[in-house]
Amino acid sequence: MQPIHIVGGGLAGSEAAWQVAQAGLPVVLHEMRPLRQTEAHKTDGLAELVCSNSFRSDDAATNAVGLLHEEMRRAGSLIMAAGDAHKLPAGGALAVDRDRFSAEVTRRLGEHPRVAIERGEVAGLPPAEWDSVIIATGPLTSPALSAAIQRLTGEAELAFFDAIAPIVHLDSIDPAITWRQSRYDKAGPAGTGADYINCPMTRGEYEAFLDALLAAEKTSFKDWEASTPYFDGCLPIEVMAERGRDTLRFGPMKPVGLSNPHRHGERPHAVVQLRQDNALGTLWNMVGFQTKLRHGEQASIFRMIPGLQNAEFARLGGLHRNTFLNSPKLLDGELRLRAEPRLRFAGQITGCEGYVESAAIGLLAGRAAAAERTRAVWTPPPPTTAFGALLAHITGGHLAAEGEGARSFQPMNVNFGLFPPLEAPSHDAAGHRIKGKERGAAKKRALSLRALADLDRWLAAPARAAAE
Ligand SMILES: Cc1cc2nc3c(=O)[nH]c(=O)nc-3n(C[C@H](O)[C@H](O)[C@H](O)COP(=O)(O)OP(=O)(O)OC[C@H]3O[C@@H](n4cnc5c(N)ncnc54)[C@H](O)[C@@H]3O)c2cc1C
């Protein structure tokens with residue numbers, strides 16, 4: 001049987017290789033290190049953690065990434081098994097000894113009878129005779145391969161920077177202050193004329209917000225990031241603020257074409273707009289608010305915006321060197337490139353964010369490729385699971401914004417805003433009314449319980465043969 005080829009032995013590629021091999025199929029894992037390094041990797045180990053040593057919260061009951069950990073464990077993940085084997089004390093987080101973790105992944109794949117590890121760069125499109133390939137080359141995909149992918153997908157569809165605007169959970173936006181309206185009530189091709197949530201600012205509120213923005217601590221680009229050409233049209237808001245006190249008011253915060261129904265006849269001095277980000281309508285992004293402010297500063301500064309005083313953020317803003325596809329347009333529901341279905345993608349290059357998320361998408365790509373090779377039908381995980389919610393973000397859940405092309409799709413960590421919503425339970429098991437803050441936690445617990453029950457059914461479902 002022809003092997004499945006996996007390009008990139010990082011978090012996603014290592015997990016994908018394990019899943020294919022555990023399904024009984026031969027796999028060749030191609031990793032360019034140590035013959036060629038990326039700007040961030042330091043070792044020749046598989047699944048090297050390039051920065052922090054944390055897999056974040058391990059709380060499966062009330063945290064979406066903790067839930068993803070649990071789903072991966074139940075699906076036989078190598079990354080989670082190696083993480084659990086080498087965990088370090090870190091409170092509620094799963095932190096790992098990075099060297100032992102990477103050594104364990106390298107050893108277990110190296111010893112697996114169905115895995116061959118080949119060291120060397122795949123410096124262009126994989127050869128035509130590789131009929132099933134998973135490309136998992138990550139945010140620092142080598143230039144020769146990314147250029148080849150770009151030729152295949154079109155220049156605008158593979159980005160080399162992310163430009164991330166913060167995303168807010170809808171139910172944390174105050175409807176008593178904000179209102180829904182598109183600028184000049186324009187409906188556009190998919191809208192109604194009331195497509196944006198608007199947050200009004202008086203002159204005093206705007207000036208105070210600007211002062212906070214200018215005084216806040218920013219993160220800087222790494223040397224190798226600074227030497228990559230900065231793209232136009234995606235200036236961080238704090239850089240715009242530095243250019244003049246009115247620059248933001250004439251840019252993303254312009255107050256024109258909007259009238260506040262809560263204050264008839266009063267023109268706002270500035271307006272922050274939020275646009276629906278996912279098809280479920282649970283997440284809204286702050287338009288034009290890509291930023292390099294420190295994460296610790298962002299929440300408190302953005303909560304100065306009227307209507308966002310209690311905002312809960314599904315994602316904070318950022319701007320980094322990255323490499324990722326416009327996946328909702330380019331990939332099908334099985335992570336295959338529509339234009340060349342022998343090529344699947346996995347990991348950060350698909351537009352997920354984070355070690356655990358990258359590995360999770362590797363797990364799904366490995367299973368999907370193995371099913372295809374054995375002529376079985378691959379059923380994607382239910383959208384109610386963390387696996388399914390993340391896959392939906394990548395392949396289908398994102399709403400493209402008019403006029404922004406490839407850049408409107410941006411990387412995302414797993415979070416409960418990606419899950420189909422659920423009514424928060426009003427009473428606990430003992431019949432007592434659940435109040436205030438506890439309702440949020442109760443809702444997360446209900447989402448987790450639903451996810452794990454649906455996951456177990458998905459994992460237990462027998463494979464079906466594909467129709468000839
Ligand atoms: C500087 C930096 C810091 C980050 N810090 C964090 C963090 O602290 N926490 C977090 O959760 N996430 C972090 N991320 C984001 C992301 O989670 C990691 O990059 C993660 O490693 C992505 O997993 P991956 O498998 O997609 O890619 P990687 O783990 O990077 O694996 C890709 C592999 O492909 C290889 N490769 C590339 N091109 C080729 C080629 N042409 N042929 C053969 N092999 C190739 C690379 O050598 C690498 O081993 C960071 C990203 C960057 C760039």
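Above this text is the structure in question.
A brief structural summary.

### Brief notes about the overall build of the protein
Thinking step 1. Assigned secondary structure in the protein consists of 13 helices and 19 strands.
Thinking step 2. The C-alpha atoms of the protein give 23 Å as radius of gyration, which agrees with the globular expectation for 468 residues (23 Å, within 12%).
Thinking step 3. C-alpha extents for the protein along the principal axes are approximately 75 × 60 × 50 Å.
Thinking step 4. Buried positions account for 54% of the 468 residues belonging to the protein.
Thinking step 5. Relative to all contacts within the protein whose residues are 6 or more apart in sequence, the contacts with residues 24 or more apart total 71%.
Thinking step 6. Summed over its atoms, the accessible surface of the protein is roughly 20,000 Å², and 53% of this surface lies on carbon and sulfur atoms.
Thinking step 7. With 51 positive and 53 negative side-chain charges, the protein shows a separation of 2 Å between the mean positions of the two kinds.

### A short note on the pairing of strand β2 (residues 27-31)
Thinking step 1. The element β2 is largely enclosed, with a buried count of five among its five residues.
Thinking step 2. As judged from the four bridges shared by strand β1 (residues 4-7) and β2, these two strands associate in the parallel manner. Within β2, the residue paired with I4 across the bridge is V27.

### Side note on the nonpolar core
One broad rule of soluble globular proteins: the nonpolar side chains tend to lie buried together.
Thinking step 1. Of all hydrophobic cores here, the largest spans 85 residues; its most connected members are F55, F101, F387 and F419.
Thinking step 2. Here the element with the most residues in this core is helix α11 (residues 355-373); it accounts for 12 residues.
Thinking step 3. When neighbours within four sequence positions are excluded, F387 is seen to be in contact with L68, E71, M72, A75, A360, L363, L364, P381, L455 and W458.

### Some details on the site of the ligand
Thinking step 1. The immediate surroundings of the ligand are formed by 31 residues, with A12, E31, Q348, G354 and Y355 found nearest.
Thinking step 2. One of the side-chain N or O atoms of S142 is found 2.9 Å from a nitrogen atom in the ligand.
Thinking step 3. With respect to the ligand, the backbone of Y355 contributes an N or O atom lying 2.9 Å from an oxygen atom.
Thinking step 4. Elements supplying a minimum of two residues to the shell around the ligand: α1 (11-22), β2 and α11.

### Side note on the packing of α1 against α11
Helix-helix packing is characterised by the crossing angle of the two axes and by the distance between the axes.
Thinking step 1. At a minimum axis distance of 7 Å, the contact between α1 and α11 shows a crossing angle of 35 degrees. As for the relative orientation of α1 and α11, their crossing is right-handed in sense. Here L11, A12, E15, A16, Q19 and V20 of α1 come into contact with α11, specifically with Y355, S358, A359, G362, L363, G366, R367 and A370.

### A few points about the sheet that holds strand β3 (residues 54-57)
Thinking step 1. One open sheet holds the three strands; their spatial order is β3-β5-β4, and the pairing between them is antiparallel. Both edges of this open sheet fall to β3 and β4 (87-88), since each of them pairs with a single strand only.
Thinking step 2. Bridge count for β3 against strand β5 (residues 93-96) is two bridges, and the pairing is antiparallel. If you follow S54 over to β5, its bridge partner there is A95.

### Remarks on the packing of aromatic side chains
Thinking step 1. In the structure shown here, the tally under the stated rule is eight aromatic pairs.
Thinking step 2. Among the aromatic residues, those joined into a cluster by ring pairs are F209, F289, F302 and F313.
Thinking step 3. Sitting over the ring of F250, R249 keeps its end group 5.7 Å from the ring centre.

### Things to note about the sheet that holds β1
Strands belonging to one sheet form pairs held by backbone hydrogen bonds; the direction of such a pair is parallel or antiparallel.
Thinking step 1. Strand order in this open sheet of six strands is β6-β2-β1-β7-β17-β16, and the pairing throughout is mixed. Two strands bound the open sheet, and with one partner strand each, they are β6 (115-119) and β16 (336-337).
Thinking step 2. The pairing of strand β7 (residues 133-135) with strand β17 (residues 340-345) spans three bridges and is parallel. For I135, the partnering residue across the bridge sits in β17 and is F345.
Thinking step 3. Across the sheet, α1 touches β1, β2, β6 and β7, and the angle it forms with β2 is around 170 degrees.

### Section: unusual backbone geometry
Thinking step 1. For the bond running from R33 to P34, omega is 0 degrees, close enough to zero to count as cis.
Thinking step 2. As for its position among the elements, P34 is in the loop between β2 and β3.
Thinking step 3. We note that Y184 has phi near 55 degrees; this positive angle belongs to a residue other than glycine.
Thinking step 4. Tracing the sequence through the fold places Y184 in the loop between β10 (179-180) and β11 (196-201).
Thinking step 5. Overall, the relative accessible area of 53% leaves Y184 in the exposed class.

### Some remarks on the side chain of H41
Thinking step 1. Tracing the backbone shows H41 in the loop between β2 and β3.
Thinking step 2. Each residue touching H41, except ones within four places of it in the same chain, is listed here: R33, E48 and V50.

Rules behind the numbers
Residues numbered from 1 in each chain as written. Predicted model: local features only at pLDDT ≥ 70, side-chain atom pairs only at ≥ 80, totals over all residues. Heavy atoms only, no water. Helix = DSSP H or I, 4+ residues; strand = E, 2+ residues; numbered from the N terminus. Rg over C-alpha atoms; globule rule 2.2 N^0.38 Å. Buried < 20%, exposed > 50% of the residue type's maximum accessible area, 1.4 Å probe, protein only. Contact = heavy atoms within 4.5 Å. Areas by Shrake-Rupley, 256 points an atom, 1.4 Å probe, with all protein chains shown as cover. Lys, Arg positive; Asp, Glu negative; His and termini not counted. Charge placed at Lys NZ, Arg CZ, Asp CG, Glu CD. Pairing = 2+ DSSP bridges. Core = buried A, V, L, I, M, F, W, Y, C linked by side-chain atoms within 4.5 Å. Near = heavy atom within 4 Å. Polar contact = N/O pair within 3.5 Å; in protein donor to acceptor, adjacent residues only side chain to side chain. Axes fitted to C-alpha atoms, helices over the stretch in contact; angles between N-to-C directions. Left-handed = near helix turned anticlockwise from the far one by under 90°. Phe/Tyr/Trp six-rings, centres within 6.5 Å; stacked < 30°, edge-to-face > 60°. Lys NZ or Arg CZ within 6 Å of the ring centre and 35° of its normal.

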